[in-house]
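Secondary and tertiary structure notes
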Amino acid sequence: MDLIIQNDELYQLVPVTKQIMEHMSLLVKVNCFDLCEILRVKLTTYADSLNLHVMNDGSGNFYGCICK
């Protein structure tokens, strides 16, 4: 799975790694779309004035996921 992040008008695919998931524990099996939603909630803050989900680490704007 990759996260789709926009930064400086350029879209980037960021692989979901163990480092991204290290502080998360999933108690049940989830599909790719549910995991994408969990990561969005955990890694972003919604900017109402911009109507965007901004990454908490400042790496850009969250647009979604690609399931592989």
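As shown above, the structure is provided for reference.
This text gives an overview of the structure that appears in the document. (Residues numbered from 1 in each chain as written. Predicted model: local features only at pLDDT ≥ 70, side-chain atom pairs only at ≥ 80, totals over all residues. Heavy atoms only, no water.)

Topic: the packing of aromatic side chains
Under the criterion given, the structure shown has one aromatic pair. Where Tyr 11 meets Tyr 63, the ring centres are 5.3 Å apart and the plane angle is 80 degrees; that geometry is what we call edge-to-face. Taken as a pair, Tyr 11 in strand 2 (residues 10-15) and Tyr 63 in strand 5 (residues 61-66) lie far apart in primary sequence, 52 residues in all. (Phe/Tyr/Trp six-rings, centres within 6.5 Å; stacked < 30°, edge-to-face > 60°. Helix = DSSP H or I, 4+ residues; strand = E, 2+ residues; numbered from the N terminus.)

Regarding the sheet that holds strand 1 (residues 2-7)
By way of backbone hydrogen bonds, the strands of a sheet pair with one another, either parallel or antiparallel. Taken in spatial order, the five strands line up as 2-1-5-4-3 in an open sheet, and their pairing is antiparallel. Lying at the two open borders of the sheet, with one neighbouring strand each, are strand 2 and strand 3 (44-47). Adjacent strand axes in the sheet meet at a mean angle of 45 degrees when their direction is disregarded. Pairing of strand 4 (residues 52-55) with strand 5, which is carried by two bridges, proceeds in the antiparallel orientation. Across the sheet, residue His 53 finds its bridge partner in strand 5, namely Phe 62. Together, strand 1, strand 3, strand 4 and strand 5 form the strand contacts of helix 2 (residues 32-43), whose direction differs from that of strand 3 by roughly 75 degrees. (Pairing = 2+ DSSP bridges. Axes fitted to C-alpha atoms, helices over the stretch in contact; angles between N-to-C directions. Contact = heavy atoms within 4.5 Å.)

Quick word on the side chain of Arg 40
You can see Arg 40 is positioned in helix 2. The exposure class of Arg 40 is buried, given its relative accessible area of 18%. Within the local environment of Arg 40, its side chain forms a polar contact with the side chain of His 53, the two groups lying 3.4 Å apart. In this structure Arg 40 touches His 53 and Phe 62, once residues within four positions along its chain are discounted. (Buried < 20%, exposed > 50% of the residue type's maximum accessible area, 1.4 Å probe, protein only. Polar contact = N/O pair within 3.5 Å; in protein donor to acceptor, adjacent residues only side chain to side chain.)

Some remarks on the pattern of salt bridges
For the structure on display, the rule yields two salt bridges. Residue Asp 2 is joined to Lys 68 by a salt bridge in which the shortest nitrogen-to-oxygen separation is 2.9 Å. Placement of Asp 2 in strand 1 and of Lys 68 in the segment after strand 5 is noted, with a sequence separation of 66 residues between them. Classification of Lys 68 by relative accessible area gives exposed; the value is 77%. Across the pair Glu 37 and Arg 40 runs a salt bridge whose closest N-O atoms are separated by 2.4 Å. Of this pair, Glu 37 and Arg 40 both sit in helix 2, separated by three residues, roughly a single helical turn. Classification of Glu 37 as partly exposed rests on a relative accessible area of 41%. (Salt bridge = Lys/Arg side-chain N within 4 Å of Asp/Glu carboxyl O.)

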